[in-house]
Amino acid sequence: MEKVRIGVYVCHCGLNIAGTVDVQELAKYAETLPHVVISRDYRYMCSDPGQDLIKNDIKELGLNRVVVASCSPRMHEHTFRKACQDAALNPYLYEHANIREHCSWVHTNREQATEKAKDLVHAAVKRVYYHEPLEIKESPVNPNTLVVGAGIAGIEAALKIANGGHKVYLVEREPSIGGHMIQLDTTFPTLDCSECILTPKMTEVGHHPNIELLAYSEVEEVSGSVGNFKVKVREKARYVDESKCIGCGVCEQKCPWKVPSEFEVGLGTRRAIYIPFAQAVPNVATIDKDRCVYIQSGGKKCGACIKFCEANAIDFNQTDRVIELEVGAIILATGYDLLDSNQIPQYGYGKYDNVITGLEFERMTCASGPTQGKIQLKDGRTPESVAIIHCVGSRDKNYREYCSRICCMYALKHAHHLREKINAAVYEMYIDMRCTGDAYEEFYERVGEEGVTFIRGKVAQVKQGITEEEKGKLIVTAEDTFLGSILRVPVDMVILCPAMVPRSDAAEIARKFSITQKATGFFLERHPKLEPQATAMDGIFVAGCCQFPKDIPDSVAQGRAAAAGALELIDRGKVTIEAAIAHVDEILCHGCGICEETCEFNAPKVMSKNGRMVSAVNETLCKGCGACAVACPTGAMSIKHFTHDEIFTMVRALAGIENG
Amino acid sequence: MAEFEPRIIAFACNWCTYAAADIAGTSRIHYPPNVRVIRVMCSGMVAPEHVLWAIENGADGVLVAGCHPGDCHYISGNLKAEEKFRMLKRVTDILGIEEERVKLKWIATSEGSIFAQTIEEMVEELKKLGPSPFKPSKESQEAKQGKSALTLENIVQETKTYSCLDCGKCTSLCPIAEHDPAYSPFRMVGKALVGLEDEIIHDKKLFSCLSCYACSLRCPGDVDYPAFIQKTRLLASDAGEQGDLAHGGFLHSVTRLMARSPYKQKRLEWLTKQYRTYDQSDILFFVGCSPYLAPFFEYLGVRTLDITEASLKILNHLGIEPVILSDEKCCGHDALWMGDVETFKRLAEHNTKLTKEAGVKKIIFSCPEGYRTFKLDYPNYGFEVGCELQHISEFLAERIDKYGLKFKEGEVKKKVTYQDPCRLGRHLGIYDAPRRVLEAIPGIEFLEMERNRDWSLCCGTGPFTNCDLYSHEMRIGRLLEAKATGAETLITCCPKCQIHFKCAMVNRGEEKGPDVEIEVMDLANLVAKSLSE
């Protein structure tokens, strides 16, 4: 090892340090430490002349290690590392001692503070001896982006990136894009027709030269790291040739097999061959292989679609196709599910007719829905009274503790439609009215003026009317907390506002992309305040309700924010790989796999090499957290810049043994 | 006299606690200057041995601090730290170290005042407790500086290394040399004979020897190679060499602390009312380091106290209520084989004193390392316990032969093979006793491994150092040999053998290594199962 030559620089920081710590004494002390060639003190080390002191000494005195004792490294470690780099010294041959935030600013006794500062400088000098030059590596960023989920958030993300001139692969699990937003009738508070504002975007996506739409497809496997992900996508077989199908819908009319429609949330039916809704993008038919009698009978029965398709688009020989994509960034916009209201039996969902969810009601009021917009009970009559129950499963320790954010607003919206369309008596059974957005509170007031009755009380249960009078009615029981009395409200229809919950396979998605879920099950963002779109995995972003329940404006904003994250990566073109990462001593490694098991980021992997099992660290994935090094039983795994020797030498210097 | 000012070492995570300490600074919140902060990237980067190093090097208190659960920048580093810390606390509790000296706390970035408050409180508590007894005194530091009187020449004389015939047989018999091309007992001896002391002392491979005696047993000369290694490591240790410590040197730190500790240990938590002991008994059962190894090796699925408890159950069943000392310490085996003679002598002195005071006629061991150390090494260094020493397998074999001890029919039915531990086998010549016991248990079908008795292969790790791929390959080979016998269970009668074999079976990567899974069980546990009512 070449002879170590250390330069120590003690900063006065004006009087911030010098006012409490005897900086001259400290610099003199540093001179006495092993391998220290020069020790200086200066008023403001971070200033240009301060940094020049370091650069000149490196050149003229042949320094190969530098220690600065000043403020917190969180302030200026990068400044002095850069100064070293400018003087052609590897920036990792630098060590920082914090004698301001951790010393001069928190202690008052000059003697004690100076003694402590000496210890801190001592430790830094001892440690810097063991520092090794680390290579700063960069890896290029693939300019393509993968967006998973084509609801409003995913669509917005895809469009922003594509309009910026970069390629997007947009993967959507359902046969058509549109997510839940395309199921909605109107949107609060403007009462815009949802389909009207969304379908132009859907069409844009379908035609965009930079967007490769992979609908009816799912991500199978993800590997790689930021800038360089490899993704396997399964394009499921529609048994319809997309290039030939013109979306005329004749096959649907001729198919005899009826199935409850997922799009209509069970309120309507579709056929075994179907286009989910009129404005579907892509506008092609799909055959549900589990319900298609031709497929189930091995080609012996039916086949009506083949007979009637004029475009010859039916292709029962189609198989799933797995393709591999290479992208630099991934945006997850996989959306939400609604809590299954069967889980709350006291509200009668699934038991009584006419207890429906808010989403089902959307399909009912929608002019293109299964009832052509007619609000009706199961027996076809128009309801005269409707109760809308808030917080079904939300704000409830028994189901979901959180507030689902949008239900108060759509409950008001439904109330408005019920008043306007059928003049029904509407009872809003609420705990609080959460109308926090732009023009939301005003909408609440408007709906109140339209004659909706607001009853503050969480509904205990919904029962069927049994008396002659109340036969056929649903009795909603709640305490009106303002009046202090229990109310029984007989209504014809009950609309539930179920909690918004993560997708049923959110855990599997999280595992595939190596991100984590919060306790609520939604995907964990890097920081709830300052980094709501990034995740702990560099290059993987989240947007929309998969991150947490939110309304459309926020989903749009997040989709675009995630796009900005991806565009930042693409624009920069390269990513810097963390240098202080894990390293395997292959002689000490047993290939036991404890490192692989411990790591949250999939960085170490045990593999067979030259006839033995040994661990290897993926440098782009490793974050240098140290968990694997602690878990490694033999000492094979160590973290560069935080080795056993480095920590030990600091402990020795600071614990007191070397100070007698 | 100046008031005692405690020294606290705080390991603070970069993202939360270090930042909190910074915020305390920016907010000018004053706290006592007793703390020295070491910045780590994550509380999960703090290993249990880091805390023990701090104590060994003079810290009166140690604080490990990181982000609150759920906030870790690396997702779960803090939870991993907590798990390791729990194990650490179990060990420091047994050592008798006051709980206020070692703390784990979650301090978020915004909690600068809590950082300051934590330090203040810790300083107050430590002032009341007084200085750590592990603070190295000036005298002990000076003693450490002085080299021992031993020279390589002395060692060559004492261990008869000069009788080497240059034949190389030792290397061809050496199980490490079989795998590690850089290791050769023959070359090591050759260097010693031409006086290359510096080269030998600073050769990491000096710590690869397993002291298994495969070499010296068949050396046509008279070289006691393991003894040569033991003494040469003393010189190496004086020069600061330790090989590549396994488990970060945690176990070595524990032994050193135990040796210097004035605290009364809390080592009998496992001794519940179902076990009978009698402090006037003629027989003493030596427990050794078992209570310390138990929490440490839990992650491997090994509970060394199971062996201790089974042994005690056996003795009780045979009508013996032995003395169990409440403050015995590690026998010092590993310390001695690491060249840390100072620690070894402290432990030997302590254990000799205690066992003599107990006035027993016999000491029974369930661990061959403890047995060998008491029998051969203690007298070598002038410590005489002055009574009979026996391994539990010898004790049982005696009972079977002399007193017709019988085991219950139908309790166990297993095909087993047996690992001769080096310390029992080649070191002390005991091969028959454990086999006698196995033969006597009905339902046991005993299948010998190909390399057995004095040809047995060591389980592969010396004193928790140089635990490298060669040592691992050795063990894989041995386990495959065990499986090849057709046995479903590998019986060991040494807790270290069990630990090292179980470690070799760890296969937690997605891509799996060779399948060497086999049940490993101590003889004592097998016997305990077969005792008649």
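These figures come from a predicted structure and were not determined experimentally.

So, on to the interface of chain A and chain B. Taken residue by residue, the interface counts 59 residues in chain A and 65 residues in chain B. Roughly 5500 Å² of surface becomes buried between chain A and chain B when both sides are summed, with 62% attributable to carbon and sulfur atoms. Where chain A touches chain B, the interface holds 5 salt bridges. Between A:Asp119 and B:Arg36 there is a salt bridge whose closest N-O contact spans 2.8 Å. Counting every contact that joins chain A to chain B gives 23 residue pairs in polar contact (both at pLDDT 80 or more). Elements with a minimum of two residues in the side of chain A that touches chain B: helix H3 (73-86), helix H4 (100-104), helix H5 (110-128), helix H16 (594-598), strand E32 (604-609), strand E33 (612-617), helix H17 (627-631) and helix H18 (644-655) of chain A.

Within the element layout of this structure, B:His247 appears in the loop between helix H11 (225-238) and helix H12 (250-260). According to the relative accessible area criterion, B:His247 is buried, its value standing at 12%. Each C-alpha atom, one on B:His247 and one on B:Phe296, is 9.8 Å from the other, the two residues being 49 residues apart in sequence. If sequence neighbours within four positions are ignored, B:His247 has contacts with A:Pro633, B:Glu49, B:Phe296, B:Phe297, B:Tyr299 and B:Phe464.

Let us now look at the domain arrangement of chain B. By domain assignment, chain B separates into domain 1 (8-135), domain 2 (155-238), domain 3 (263-397) and domain 4 (405-530). The C-alpha centroid of domain 2 of chain B is placed 44 Å from the C-alpha centroid of domain 1 of chain B.

All names here are of chain A. Tallied over the entire structure, the rule returns 1 disulfide over all chains. Linked covalently through their sulfurs, Cys193 and Cys196 form a disulfide whose S-S length is 2.3 Å. As the torsion about the S-S bond is roughly 80°, the Cys193-Cys196 disulfide counts as right-handed. Free cysteine: Cys407, not disulfide-bonded; nearest cysteine sulfur from Cys497 at 5.5 Å.

One pass over the full model with this rule turns up 83 salt bridges over all chains. For A:Glu597, the salt bridge goes to B:Arg508, with nearest N and O atoms at 3.1 Å. Of this pair, A:Glu597 sits in helix H16 while B:Arg508 sits in the loop between helix H21 (495-504) and strand E11 (519-522), placing the two residues on different chains. Judged by its relative accessible area of 47%, A:Glu597 is partly exposed. The class for B:Arg508 is partly exposed, based on a relative accessible area of 30%.

So, how was this worked out
- Residues numbered from 1 in each chain as written.
- Chains lettered and ligands numbered in written order.
- Predicted model: local features only at pLDDT ≥ 70, side-chain atom pairs only at ≥ 80, totals over all residues.
- Heavy atoms only, no water.
- Contact = heavy atoms within 4.5 Å.
- Buried area = accessible area lost by both parts, 1.4 Å probe.
- Salt bridge = Lys/Arg side-chain N within 4 Å of Asp/Glu carboxyl O.
- Polar contact = N/O pair within 3.5 Å; in protein donor to acceptor, adjacent residues only side chain to side chain.
- Helix = DSSP H or I, 4+ residues; strand = E, 2+ residues; numbered from the N terminus.
- Buried < 20%, exposed > 50% of the residue type's maximum accessible area, 1.4 Å probe, protein only.
- Domains from an automatic or database assignment.
- Disulfide = S-S within 2.5 Å.

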